[in-house]
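Structure at a glance
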Amino acid sequence: MATSWLQVDVFAEGPYRGNPLAVIQDAASLTGRQMQAIASEMNLSETTFVMDVGRDAYEVRIFTPNSEIGFAGHPTLGTFWALNHLGLLDDDAVQRSRVGETRVWLDGEVAWFERTGTSGEDLERTEAKSSANIAEALGLPLADIGLEARELGRNGLLRPAFSNAGLEDQLMVPLKNLDSLRACRPVPDLLGQLAPVGLYCFTGHRAGVLRARGFFPGVGVAEDPATGSAAGALGLYLASRVGAIDFTIEQGVEMGRPSRLDVSAASPDRVKVGGKCHLVLSGRIDVLP
């Protein structure tokens, strides 16, 4: 048995950039075990399996190399874009996954999704040693944890906190500067004790632009080139602290996979994330019994 598949670079300004995604078409007959085997073989951050598709909606399952997850950002945009590219889906549609429905649409060359969610309080309010633990898990000095909000045109110090835009709680970690971001040397076991899914580290870069790195060993991804769910979670985190905000995230630079993620958070409970996609591979894949 064989099925068709595409590989799409997501949040990419051109091919061979951004975060690659494998999209398996006509996957309704596959078992979960077969899907996991294919995702492990692909060995990308995520692989998606299209279960059903109509003009204005589709159903998808999402797998990392070692587990199934209910939602992720770059698989959402990449799957929508691929199905639209194939002429199977309109420019405005609904994705159905384990977390429910997510609106996705195309605005020119940019694909967008919208999610609701929440951002928690700063960890320092509930655990006095949290920043020290985070610093140790990232291989950084304690002084590198935290970012002056003036980098975003506001006052005050941004501190670590959990935020959620669809993929459980992800730990947002503001860092002092670009040198701190580049110096991250994560210790996976320690990261797992702090945040089961992972950490999203960010800092200021230039006006309207943040730089980020995402470490998600809990779902089998040591470092991610572009993380749409975390970008959404960061939008909620920032909107709850500095007000409505639009910004761009540059991610994947340290991995040689530069990515651009556009984020618009009008409120602390609703966020939009967008990026461009590029088709790089297509073919057939054998499915073992």
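So, here is what we can say about the structure in this document. Every value quoted in this text rests on a predicted model; they were computed, and no experiment measured them. (Residues numbered from 1 in each chain as written. Predicted model: local features only at pLDDT ≥ 70, side-chain atom pairs only at ≥ 80, totals over all residues. Heavy atoms only, no water.)

Digging into the layout of surface pockets
Which parts of space are left empty comes out when a probe the size of a water molecule is rolled across the atoms. For clarity, the threshold we go by: In this analysis, the protein atoms alone were mapped onto a 1 Å grid. Cavities are point sets where a 1.4 Å probe fits without being able to get out; pockets are open sets with protein on both sides within 12 Å along at least five of seven lines; lining residues have an atom within 4 Å of a point. Grid points are joined across faces, edges and corners, and a volume is the space filled by probe spheres set on the points. In this description a helix means any DSSP run of H or I spanning at least four residues, a strand means any run of E spanning at least two, and both kinds are numbered starting from the N terminus. Classification convention: Asp, Glu, Lys, Arg as charged; Ala, Val, Leu, Ile, Met, Phe, Trp, Tyr, Cys, Pro as nonpolar; all other residues, Gly among them, as polar.
Volume-wise, the largest pocket comes out at about 160 Å³. If you go around the largest pocket, the residues you meet are Arg33, Gln34, Ala37, Ile38, Glu41, Ile285, Asp286, Val287, Leu288 and Pro289. Among the elements of the structure, α1 (32-42) and β20 (277-286) are those that each provide at least two residues to the lining of the largest pocket. Sort the elements by how many residues they give to the lining of the largest pocket and α1 lands first, with 5 residues. Of the residues assigned to the lining of the largest pocket, the class counts are 6 nonpolar, 1 polar and 3 charged.

Comments concerning the packing of aromatic side chains
The cut-off we apply is this: Working definition: a ring pair exists when centres of Phe, Tyr or Trp rings (six-membered ring for Trp) sit within 6.5 Å. Plane angles under 30 degrees give stacked, over 60 give edge-to-face, the rest tilted. A 1.4 Å probe rolled over the protein chains alone gives each residue an accessible area, and that area as a share of the maximum for its type sets the label: buried under 20%, exposed over 50%, partly exposed in between.
Taken as a whole and assessed by the stated rule, the structure comprises 4 aromatic pairs. For the pair Phe202 and Tyr237, a centre-to-centre distance of 5.8 Å together with 75 degrees between the ring planes defines the contact as edge-to-face. A residue pair is termed long-range when its members are at least 10 positions apart, and Phe202 in strand β14 (residues 199-206) and Tyr237 in helix α6 (residues 228-242) qualify at 35 residues. For Tyr237, a relative accessible area of 0% gives the class buried.

What to know about helix α2 (residues 73-85)
Stated precisely, the cut-off is as follows: In this analysis, the expected span of each helix is defined as 1.5 Å times one less than the number of residues it contains.
Between the first and last C-alpha of α2 there are 18 Å, a value that for 13 residues agrees with the 18 Å anticipated at 1.5 Å per step. Where burial is concerned, most of α2 is hidden: 12 out of the 13 residues are buried. One or two steps after α2, the chain reaches Gly87, where phi turns positive at roughly 80 degrees.

Some thoughts on the pairing of strand β3 (residues 47-53)
Stated formally: Two strands pair if DSSP finds at least two bridges between them.
Of all 7 residues in β3, 5 are buried, a share of seventy percent or more. Bridge count for strand β2 (residues 19-24) against β3 is 3 bridges, and the pairing is parallel. Among the inter-strand pairings, Ala22 is bridged to a residue of β3, identified as Thr47. A loop of 3 residues connects β3 with strand β4 (residues 57-63), the two strands running antiparallel in sequence.

A word on the pattern of salt bridges
Keep this limit in mind: Each reported salt bridge corresponds to a side-chain nitrogen of Lys or Arg within 4 Å of a carboxyl oxygen of Asp or Glu.
A full pass over the atoms with the stated rule returns 16 salt bridges. In this structure, the salt-bridge partner of Glu223 is Arg213, at a minimum N-O distance of 2.9 Å. With Glu223 in strand β16 (residues 221-224) and Arg213 in strand β15 (residues 209-216), this residue pair connects regions lying 10 residues apart in the sequence. Within the structure, one salt-bridge network assembled from shared partners comprises Glu13, Glu109 and Lys276.

Details of the nonpolar core
This is how the line gets drawn: Buried Ala, Val, Leu, Ile, Met, Phe, Trp, Tyr and Cys residues that are joined via side-chain atoms within 4.5 Å together make up what is termed a nonpolar core. Only heavy atoms matter for contacts: two residues are in contact if any of them lie within 4.5 Å across the pair.
Grouped together as the largest cluster of nonpolar side chains are 57 residues, with contacts concentrated most on Tyr200, Phe202, Leu234, Leu238 and Ile249. Looking at which element gives the most residues to this core, the answer is α6, with 9 residues. Apart from the residues within four sequence positions on either side, Leu238 is in contact with Leu152, Leu158, Leu210, Gly243, Ile245 and Phe247.

Remarks on a nonpolar patch on the surface
Where we set the bar: Like-charged residues within 9 Å of one another, or nonpolar side chains (Val, Leu, Ile, Met, Phe, Trp, Tyr) within 5 Å, are grouped into patches, provided each residue has over 30% relative accessible area and no salt bridge. The Shrake-Rupley method, run with a 1.4 Å probe, gives the accessible areas here. Residue values count only the displayed protein chains as cover.
Nonpolar side chains collect at one region of the surface, where Val53, Leu86 and Leu88 lie side by side and expose about 200 Å² of accessible area between them. Its relative accessible area of 37% is what places Leu86 among the partly exposed residues.

Things to note about the pairing of strand β18 (residues 259-267)
Here strand β17 (residues 245-251) pairs with β18 via 7 bridges, running antiparallel. Opposite Phe247, over in β18, you have Val263 as the bridge partner. Note that β18 and strand β19 (residues 270-275) share 4 bridges and pair antiparallel. Bridged to Ser264 within β19 is Lys272. Connecting β18 to the next strand, β19, in antiparallel fashion are 2 residues.

Any functional reading would require information beyond the geometric quantities listed.
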